[in-house]
Amino acid sequence: MTDPHENCNHNPETSLQNLLDNNKQWAERIAKLEPGFFPRLAAQHNPQYLWIGCSDSRVPANEICGLLPGEIFVHRNIANIVLQSDLNCVSVIQFAVEVLKVKHIIVTGHYGCVGVHAAFEEQRVGLADHWIAHVRAVFSRHEDLIMAEPVRAERGRMLCELNVIEQVVNVCRLPVMQDAWNRGQDIAVHGWIYGLQDGRLRDLGLCVRERRRTDELRRETVTAWMAMRTRESSPAA
Ligand code: ZN
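In this text the structure is predicted, and so the values were computed from the model without any measurement.

**Here we look at the nonpolar core**
Phase 1 of the analysis: Ranked by internal contacts, the top residues of the largest apolar core, which has 45 residues, are V168 and V171.
Phase 2 of the analysis: Going through the elements one at a time, β1 (49–54), α5 (87–100), β3 (104–110), α6 (114–121), α7 (129–141), α9 (152–172), β4 (188–194) and β5 (201–208) are the ones with two or more residues in this core.

As structure tokens, this is what we get:
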């Protein structure tokens, strides 16, 4: 019988051996630095954070936050979108809130997001157009605000930030979050954005800790975000 991996293992173009070698070195390094790390982690799962981010390989949650395995629960999809109808995302949030009892949910977008820019430029990317349509809806909601910005490149950055704000609002309106806050659970929802150019995370100034009316929450967060942008673009006194 032919080995199904025969061709893979001998072709440097397709071999994954380097990944397996890297993993062996990584596991040995961690075990040496912190003896008992993996058995301890295998026995319990107690992360304090849920990260909802983009699938983009340049934005890995653990690495950019300096966290080890076990410290952050992660859900990623194209353009960090949160939908009530997405059973995958909503199940992750429910599990994080009700079972893991995380203290913080962090929705993290990033500048230069291909999904966001495809929505902004109305570019066709294939099947993912259906998914990206949700970012297009964010653009339509805030079109006047975005198009009032004279610098075109800045408009794309604004949409990346507004998309985070809208996804924070979407998290807060989920029944699982409303129930958690109704029973007094200590959990906050935050909105961050990551710069591919400098590797830095930036807090968009959102922190929701209690049940809020969706329209009020959106109005207040967008107003606070606009004020923050005005402050940051003003020359220092
Ligand atoms: Zn992205």
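**Structural notes on the sheet that holds β5**
Phase 1 of the analysis: Taken together, 5 strands build an open sheet; the order of strands is β2-β1-β3-β4-β5 and the sheet is mixed. On the outer flanks of this sheet lie β2 (72–77) and β5, each paired with one strand and no other. Neighbour-to-neighbour, the strand axes of the sheet open up by a mean angle of 20 degrees, direction not taken into account.
Phase 2 of the analysis: Relative to β4, β3 runs parallel, the two being bridged by 7 bridges. Bridged to I105 within β4 is V189.

**Describing unusual backbone geometry**
Phase 1 of the analysis: Even without glycine at this site, K101 takes up a positive phi of about 55 degrees.
Phase 2 of the analysis: Here K101 shows up in the loop between α5 and β3.
Phase 3 of the analysis: Residue K101 is classed as partly exposed on the basis of its C-beta count, with 14 C-beta atoms lying within 10 Å.
Phase 4 of the analysis: One non-glycine residue, E122, lies in positive phi territory at about 55 degrees.
Phase 5 of the analysis: Along the polypeptide, E122 turns up in the loop between α6 and α7.

The rules we used
Residues numbered from 1 in each chain as written. Predicted model: local features only at pLDDT ≥ 70, side-chain atom pairs only at ≥ 80, totals over all residues. Core = buried A, V, L, I, M, F, W, Y, C linked by C-beta atoms within 7 Å. Buried ≥ 20, exposed ≤ 12 C-beta atoms within 10 Å, placed from the backbone. Helix = DSSP H or I, 4+ residues; strand = E, 2+ residues; numbered from the N terminus. Pairing = 2+ DSSP bridges. Axes fitted to C-alpha atoms, helices over the stretch in contact; angles between N-to-C directions.

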